[in-house]
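Okay, here's what each chain looks like letter by letter:
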Amino acid sequence: MMLRNTLTRISVNSALPTIPIRCAHVQAISKASIDNLQGRWEKMAIDEQEDIVTKLTERQKLPWKNLTNTEKQASWYISYGAWGPRKPVLEKGDGVFIAKGVILGLVVSFATFAFFRSMGGEDVKSMNKEWQMKSDEYLKSKNANPWGGYSQVQSK
């Protein structure tokens, strides 16, 4: 009888699933170390950054309702904030500087084009309207491209 009870108890205990329970207690991170993290993060030493990341990772393993709002904000900033590769390339006021540069480039290119255009001689004889009309007549006589048209007139 004792052997039967022992075997029954062993088989019942081994059939129950085991659920791991986290018994560790992680203290809240001091507010001073994570307060205004956005302004200090890039200036902090790498060891200090890693320490904060490690502590926040341990805190995030607990239920989220146990985290303070400051810890949640710090976790979000470290994961998704504008630092490192996510930092904006342009600073405030750079857009105006770029716009001025583009406008200056367009003005210089237009002035260069106008200068060379004014220094040029007469148009070539194939660019006048009479030449283009005769080219149209010639293409009509040869039945060139009847579907798409054959107009050579460029100056109207």
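Residues numbered from 1 in each chain as written. Predicted model: local features only at pLDDT ≥ 70, side-chain atom pairs only at ≥ 80, totals over all residues. Heavy atoms only, no water.

**A look at the overall build of the protein**
The helix and strand tally for the protein stands at seven helices and zero strands. For the protein, the α and β elements follow one another from N to C terminus as α-α-α-α-α-α-α. For the protein, the proportion of its 156 residues judged to be buried stands at 13%. For the protein, contacts bridging at least 24 residues in sequence account for 45% of all contacts bridging at least 6. Accessible area for the protein stands at about 13,300 Å²; split by element, carbon and sulfur atoms hold 61% of it. (Helix = DSSP H or I, 4+ residues; strand = E, 2+ residues; numbered from the N terminus. Buried < 20%, exposed > 50% of the residue type's maximum accessible area, 1.4 Å probe, protein only. Contact = heavy atoms within 4.5 Å. Areas by Shrake-Rupley, 256 points an atom, 1.4 Å probe, with all protein chains shown as cover.)

**Overview of the packing of aromatic side chains**
Within a pair of aromatic rings, the relevant descriptors are the distance that separates the centres and the angle that separates the planes. Under the defined criterion, the tally for this structure stands at three aromatic pairs. Where Trp41 meets Trp83, the ring centres are 5.6 Å apart and the plane angle is 65°; that geometry is what we call edge-to-face. Taken as a pair, Trp41 in the loop between α3 (37-40) and α4 (46-60) and Trp83 in the loop between α5 (69-80) and α6 (94-119) lie far apart in primary sequence, 42 residues in all. A residue is classified by how much of its surface remains accessible, and Trp83, at 21% relative accessible area, is partly exposed. (Phe/Tyr/Trp six-rings, centres within 6.5 Å; stacked < 30°, edge-to-face > 60°.)

**Let's talk about the confidence of the model for the protein**
Residues of the protein with pLDDT of at least 70 account for 76%, and the chain-wide mean is 81. Across the protein, element-level confidence peaks in α6 with a mean pLDDT of 95 and bottoms out in helix α1 (residues 2-15) with 62. (pLDDT = per-residue confidence, 0-100.)

**Re the nonpolar core**
With 10 residues, the main nonpolar core is built from Ile29, Ile34, Leu37, Trp41, Met44, Ile52, Leu56, Ala74, Tyr77 and Ile78. Within the residue set of this core, elements represented by two or more residues are α4 and α5. At three residues, α5 tops the list of elements feeding residues into this core. Setting aside anything within four residues of it in sequence, one finds Met44 in contact with Leu37, Gln49 and Ile52. (Core = buried A, V, L, I, M, F, W, Y, C linked by side-chain atoms within 4.5 Å.)

**Some thoughts on the pattern of salt bridges**
Summed over the entire model, instances satisfying the criterion amount to three salt bridges. Between Lys61 and Glu58 there is a salt bridge; the shortest N-O distance is 3.2 Å. Taking relative accessible area as the criterion, Glu58 reaches 27% and is therefore assigned partly exposed. One salt bridge in this structure joins Arg59 and Glu71, with 3.0 Å as the shortest N-O distance. Of this pair, Arg59 sits in helix α4 while Glu71 sits in helix α5, and the two are 12 residues apart along the sequence. With respect to class, Arg59 is no different from Glu71; both count as buried. (Salt bridge = Lys/Arg side-chain N within 4 Å of Asp/Glu carboxyl O.)

**Some words on the side chain of Ser75**
Summarising the element assignment, Ser75 is placed in helix α5. A polar contact of 2.8 Å, which involves the side chain of Ser75, links it to the side chain of Gln60. With near-sequence residues (within four places) excluded, Ser75 lies in contact with Leu56 and Gln60. (Polar contact = N/O pair within 3.5 Å; in protein donor to acceptor, adjacent residues only side chain to side chain.)

**Some details on unusual backbone geometry**
Not every positive phi belongs to a glycine, and Asn36 is a case in point at roughly 55°. Inspection of the secondary structure assignment puts Asn36 in the loop between α2 (31-34) and α3.

**Notes on a nonpolar patch on the surface**
Taken together, the side chains of Val89, Leu90, Phe97, Ile98, Val102 and Leu106 make up a nonpolar region of the molecular surface, amounting to roughly 670 Å² of accessible area. Relative to the assigned elements, Leu106 resides in helix α6. (Patch = residues over 30% accessible without salt bridge, like charges linked within 9 Å, V, L, I, M, F, W, Y side chains within 5 Å.)

**A closer look at the side chain of Thr70**
If you trace the backbone, Thr70 turns up in helix α5. Under the relative-accessibility criterion, Thr70 is labelled buried at 16%. Contact partners of Thr70, with chain neighbours within four places excluded, come to Lys31, Ile34 and Asp35.

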